[in-house]
Amino acid sequence: MKVIDHLNSANKTLVSFEILPPLKGKGINALWEHLDPLIEFKPSFINVTYHRSESMFKRKLDGTFDKVEVRKRPGTVGICAAIMNRYKVDAVAHLICGGFSKQETEDALIDLNFLGIDNVLVLRGDAPKNESFFEPEAGGHKYAIDLLQQVLNMNNGIYLEEDLKNAVKTNFCIGVAGYPEKHFESPNMQTDLSFLKAKVDAGAEYITTQMFFDNKNYFDFVKACRAYSINVPIIPGLKPVSSRKQLNVIPRTFHVDIPEELSNEILKCKTDADVEVVGTEWLLQQSKELIAGGVPVLHYYTLGKQHLVANVVKELI
Ligand code: FAD
């Protein structure tokens, strides 16, 4: 079932989860250990992130270094299929522009279509860790909207090979990312919203947000979107803070604020176990307020903290 159909047929706030593929070398059991504790909460769908390769330097026998490309978390498409097969829960495959050519993207979309996976979240991706700015791959897309257009083309039977006749029309439901606190590269919120609107006008059926820790940011964002005639469902992305280090890592990595009230509580904690208690309680209160505010889905970034997310969700159902 498509995400948009889940949203349209829901009579209460739904729950969904987002996971990362296991690190290369780990088997599928790593994934089941992560997801098994969450399945009892009957998620409507599970998103699986997509990862580009990173450049690394490997020392050779003569002491010099070779630059090699390593993709640490491959397997998004296979994992989506495995989730649907094991749990009978819809999977949403993330697709990114960064590090992939249009041809590679087309191949991934064909695999998804063969596997009956009809949900994709299309994203640009970020610059590799050792580079400051995002650069598209040779023969790849520059912005998420360009990737979106490729998926829409395939939904209309238009593939990269122009002379392909009577090609199967795929049937993807397409989501895009939105940023309640603005995308960090955008000069201002209005400009960011104009590009978000372009993605929705082109055919994105819903928006999933970057994580936020102050619900006001989400509610203000939804209001701003509606004022901008962005009228698709906006799914809030949520994550528990689980260590003191994250007070700095989260703002630096995701370009979002941690409210003073939460950071003050975390600074009082003596151990990360104490931070987990504070982070879980904060997430629970955030979730309750969002449900009261009528959000369509609570989308939890589990990121290795499935037990904390489970502790929150079990209080809500
Ligand atoms: P875009 O929509 O392309 O926007 C990128 C920037 O360009 C913005 O500043 C925007 O305002 C601007 N812009 C857009 N269109 C134009 C235009 N035509 N001209 C000029 N400027 C423009 N990353 C991963 O690598 N893998 C994942 O699985 C992943 N999952 C994510 C899931 C969610 C819900 C979110 C919120 C983010 C995720 N990310 C993921 C991170 C994401 O790739 C980054 O935030 C990235 O920097 C932006 O992606 P985007 O799709 O929003 O890009």
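The preceding data block contains the structure.
Numbering of residues starts from 1 in each chain and follows the order in which that chain's sequence is written. Selection of residues for local features in this predicted model requires a pLDDT of at least 70, selection of side-chain atom pairs for listing and counting requires 80 or more, and totals for whole chains, interfaces and linings are taken over all residues. Each side-chain value is derived from all of the structure's non-hydrogen atoms; neither hydrogens nor water enter the calculation.

Undergrad: Would you take a moment to explain the overall build of the protein for this structure?
TA: Along the protein, the regular secondary structure elements total eleven helices and ten strands. The globule rule used here is 2.2 Å times the number of residues to the 0.38 power, and the radius of gyration it is set against is calculated over C-alpha atoms. Its C-alpha atoms give the protein a radius of gyration of 20 Å, within 12% of the compact-globule value 20 Å for 317 residues. Each of the three principal axes of the protein carries a C-alpha extent, and together these read 60 × 60 × 45 Å. Throughout, exposure labels follow a simple rule: accessible area from a 1.4 Å probe, protein chains only, divided by the maximum for the residue type, with under 20% read as buried, over 50% as exposed, and the rest as partly exposed. For the protein, buried positions account for 49% of its 317 residues. Here the Shrake-Rupley method, with its probe set to 1.4 Å, supplies the accessible areas, and only the displayed protein chains count as covering residues. Here the protein has roughly 15,700 Å² of accessible surface; of this, 51% comes from carbon and sulfur atoms. The positive charge centre, built from 36 side chains, and the negative charge centre, built from 40, are 3 Å apart in the protein. The helix and strand labels rest on DSSP assignments: H or I over at least four residues marks a helix, E over at least two residues marks a strand, and numbering proceeds from the N terminus. In this charge count, Lys and Arg are treated as positive and Asp and Glu as negative; neither His nor the chain ends contribute. The location of each charge is read from NZ of Lys, CZ of Arg, CG of Asp or CD of Glu.

Undergrad: Could you clarify how one ought to interpret the site of the ligand in this entry?
TA: Taken together, the neighbourhood of the ligand is formed by 23 residues, with Asp126, Tyr179, His183, Asp192 and Lys199 sitting nearest. Polar contact is the term for a pair of N or O atoms within 3.5 Å; when the atoms are in protein, one must be able to donate a hydrogen and the other to accept it, and sequence-neighboring residues count only if both atoms are side-chain atoms. Separating an oxygen atom of the ligand from a side-chain N or O atom of Asp192 is a distance of 2.7 Å. Protein contact buries 84% of the 980 Å² of open area that the ligand shows by itself. Where the shell around the ligand is concerned, the elements lending two or more residues are strand S5 (90-96), strand S6 (119-123), helix H6 (189-202) and strand S8 (206-211). If even one non-hydrogen atom of a residue comes within 4 Å of a molecule or strand, that residue is called near it.

Undergrad: Got a minute to help me understand helix H7 (residues 215-227) in this structure?
TA: Given 3.6 residues to a turn, an α-helix orients residues that are three or four positions apart in the same direction. Every helix has an expected span of 1.5 Å times one less than the residues it contains. Between its terminal C-alpha atoms H7 stretches 18 Å, which fits the 18 Å expected from 13 residues at 1.5 Å a residue. Among the residues making up H7, those that are buried are Asn215, Tyr218, Phe221, Val222 and Cys225. Relative to the axis of H7, the buried residues are bounded by an arc of 120° and lie together on one face. Opposite the buried face of H7, at more than 90 degrees from it, the exposed residues are Lys216, Lys223 and Ala227. Residue contacts are counted whenever heavy atoms from the two residues lie within 4.5 Å of one another. Looking at the buried positions of H7, the neighbouring elements they touch are strand S7 (173-178), H6, S8, strand S9 (234-238) and helix H10 (272-292). Two or three places before Lys216, at the opening of H7, Asp214 has a side-chain oxygen 3.0 Å from that residue's backbone nitrogen. One or two residues past the end of H7 sits Ser229, with phi positive at roughly 60°. Working definition: the arc comes from the directions between the helix axis and the C-beta atoms, pointing outward to the latter.

Undergrad: Would you take a moment to explain helix H3 (residues 76-87) for this structure?
TA: For H3, built from twelve residues, the straight-helix expectation of 16 Å at 1.5 Å per residue is met to within 8% by its first-to-last C-alpha distance of 16 Å. The inward-facing, buried residues of H3 contact strand S1 (14-19), helix H2 (28-39), strand S2 (45-48), S5 and helix H4 (102-114).

Undergrad: Would you take a moment to explain a negative patch on the surface for this structure?
TA: Taken together, Glu69, Glu104, Asp107, Asp111, Glu131, Glu135 and Glu137 make up a surface patch of like negative charges. For the negative patch, the leading source of residues is H4, giving three residues. For Glu69, the location among the structural elements is in strand S4 (residues 65-70). Each patch is assembled from residues with relative accessible area greater than 30% and no salt bridge, linking like charges that lie within 9 Å and nonpolar side chains (Val, Leu, Ile, Met, Phe, Trp, Tyr) that lie within 5 Å. The term salt bridge refers to a side-chain nitrogen of Lys or Arg lying within 4 Å of a carboxyl oxygen of Asp or Glu.

Undergrad: When you look at the sheet that holds S8 in this model, what are you seeing that I'm missing?
TA: The strands making up a sheet associate through hydrogen bonds between their backbones, and the pairing can be parallel or antiparallel. Any two strands between which DSSP finds at least two bridges are classified as paired. Read around the closed barrel, the eight strands follow the order S1-S2-S5-S6-S7-S8-S9-S10; overall the barrel is parallel. Strand-to-strand twist of the sheet, defined as the mean angle between neighbouring strand axes without regard to direction, takes the value 30°. Here helix H5 (residues 144-155) sits on the sheet and contacts S5, S6 and S7; the angle it forms with S6, its principal contact strand, is near 150°. Convention adopted: a line fitted to C-alpha atoms gives each axis, helices being fitted over their contacting stretch, and angles between N-to-C directions are expressed from 0 to 180 degrees.

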